[in-house]
Amino acid sequence: MAFALTDREAASAISPDAINLLSHFSIEVTPRTAAKIDDFRQLLPAGTRVYIAHIEGTSIDDMVATARRLADDGFAPMPHMPARGIGDAAVLNDWLRRYSEDAGVEQALLLGGGHARRAGDLDSVMAMLETGLFDRHGFSCLHVAGHPEGNRDIDRNGGTANVDAALRSKHDYAQRTDAKMAIVTQFAFDAGPVIAWAERIFAEGIDLPIHLGVAGPTKLQTLIKFAISCGIGPSLSILQKRALDLRKLLVPFEPTDLVDTIEAYCATHPQSRITQAHVFPLGGIAASATWANARARNALAKPR
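Predicted model only: the values in this text are computed from it and were never measured.

Draft legend 1. Looking closely at the packing of helix 9 (residues 191–203) against helix 13 (residues 256–268). Their axes nearest at 10 Å, the elements helix 9 and helix 13 cross at an angle of 35°. The handedness of the crossing between helix 9 and helix 13 comes out as right-handed. Side by side, helix 9 and helix 13 meet where Ala191, Val194, Ile195 and Glu199 of the first sit next to Leu258, Thr261, Ile262 and Tyr265 of the second. Looking at the contact of helix 9 with helix 13, its residues break down into six nonpolar, one polar and one charged.

Draft legend 2. Examining the sheet that holds strand 3 (residues 76–82) more closely. In space, the eight strands of this closed barrel follow the order 1-2-3-4-5-6-7-8, with parallel pairing throughout. Going from strand to strand, the sheet's axes swing by 30° on average, the running direction of each strand aside. Sheet topology note: the strand 1 (residues 26–29)/strand 2 (residues 49–52) ladder contains three bridges and is parallel. Within the sheet, the bridge partner assigned to Val29 lies in strand 2 and is Ile52. Those strands touched by helix 8 (residues 161–176) are strand 5 (141–146) and strand 6 (180–185), and its axis lies near 155° from that of strand 6.

Draft legend 3. Layout of the environment of Ala145. Structurally, Ala145 is set in strand 5. Between the alpha carbons of Ala145 and Val184 there is a distance of 5.2 Å; along the sequence they are 39 residues apart. Setting aside its immediate chain neighbours within four residues, Ala145 contacts Leu109, Leu110, Leu111, Leu167, Ile183 and Val184.

Draft legend 4. Local environment of the nonpolar core. Core analysis: the largest hydrophobic core is formed by 72 residues, its most contacted members being Leu22, Met81, Leu110, Phe134 and Ile262. The greatest single-element share of this core, amounting to six residues, is contributed by helix 9. Among the nonpolar cores identified, the runner-up in size contains seven residues, and Phe189, Ala215, Phe253 and Phe280 belong to it.

Draft legend 5. Highlighting the side chain of Gln276. In this structure, Gln276 sits in strand 8 (residues 274–280). A polar contact is formed between the side chain of Gln276 and the backbone oxygen of His24, at a distance of 2.9 Å.

Draft legend 6. Representation of the confidence of the model for the protein. This prediction gives the protein a mean pLDDT of 85; 80% of its residues lie at or above 70. Note that pLDDT drops below 50 for residues 1–17; the model gives that stretch 35 contacts with residues more than four away or on any other chain.

Draft legend 7. Highlighting the packing of aromatic side chains. For the coordinates displayed, the defined rule picks out five aromatic pairs. Here the aromatic rings of Phe40 and Phe75 are separated by 6.5 Å at their centres, their planes lie at 70°, and the arrangement is edge-to-face. Residue Phe40 is located in the loop between helix 2 (31–34) and strand 2, and its partner Phe75 is located in the loop between helix 3 (60–72) and strand 3; the two are separated by 35 residues in the primary sequence. Of the two residues, Phe40 and Phe75, both sit in the buried class. Between Phe187 and Phe280, the aromatic rings sit 5.4 Å apart at their centres with planes inclined by 65°, giving edge-to-face as the arrangement. With Phe187 in the loop between strand 6 and helix 9 and Phe280 in strand 8, the pair connects residues that are 93 residues apart, well separated along the chain. We classify Phe187 as buried; its relative accessible area is 3%. Owing to a relative accessible area of 14%, Phe280 belongs among the buried residues under this scheme. Each residue in the set Phe187, Phe189, Phe253 and Phe280 is aromatic and connected to the rest through ring pairs, giving one cluster.

Basis of the calculations
- Residues numbered from 1 in each chain as written.
- Predicted model: local features only at pLDDT ≥ 70, side-chain atom pairs only at ≥ 80, totals over all residues.
- Heavy atoms only, no water.
- Axes fitted to C-alpha atoms, helices over the stretch in contact; angles between N-to-C directions.
- Helix = DSSP H or I, 4+ residues; strand = E, 2+ residues; numbered from the N terminus.
- Left-handed = near helix turned anticlockwise from the far one by under 90°.
- Contact = heavy atoms within 4.5 Å.
- Nonpolar A, V, L, I, M, F, W, Y, C, P; charged D, E, K, R; others polar.
- Pairing = 2+ DSSP bridges.
- Core = buried A, V, L, I, M, F, W, Y, C linked by side-chain atoms within 4.5 Å.
- Buried < 20%, exposed > 50% of the residue type's maximum accessible area, 1.4 Å probe, protein only.
- Polar contact = N/O pair within 3.5 Å; in protein donor to acceptor, adjacent residues only side chain to side chain.
- pLDDT = per-residue confidence, 0-100.
- Phe/Tyr/Trp six-rings, centres within 6.5 Å; stacked < 30°, edge-to-face > 60°.

Now the structure itself:
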């Protein structure tokens, strides 16, 4: 069964006047950063989807406890499930059981994982999906990663052949199952490569909703460091040019230009599958939440 759009996503895809990628933004935390937040309800709108990044070395106990806390506070926790860090189907089964029974989790972001060595025989998202365990434990909403500028860890010689094939297999899985699947992209700084990628995969038959990854406000030096470590490609030049302007070097970078351009594109291309934004809080969750909330309010306040 193909992924069915939510009412909000359908409205965004059809009505040019309704484009507001931040109206239902998602954001992410780690258990370590979450522990430093006294009350998420003071930062995020009720019901916000909060990804929980599973950094190598983080215990499943801490992951489940963070998910439980977020759920109790009225948010929708979406833990990362890194295949290479899980090991085997028995461990995956235990994790899913604990997330479901102890925290009421029904959704997950599926990743290959950046672990230097895989923990067992699970080495990819498809290997996890093929166990059938997500369906067994009631995980009905599954997100997967998108790489508009490619991924050198997957396509070591450049290009996009491997990431394209992987995304196609996940789309095919969604087509033949009841999984509600969407793509969340790596953050970028230039709208051009994102739009070109979104149009290309749509033309190739991959019509999953796309959640645009944006880097929340942070110091330019910090952002460049993250961009290089995450393998950001062509759009890195946007940051490098900004770094040459000393006036801009002294103020935090905000992804406003990127979001403006993508929203304008979606308004004139109602078939676009870009439906909302996912915020990477590289400069801290408080700063990112403040920016995203203000962006959403300002957009809603604009005359139509």
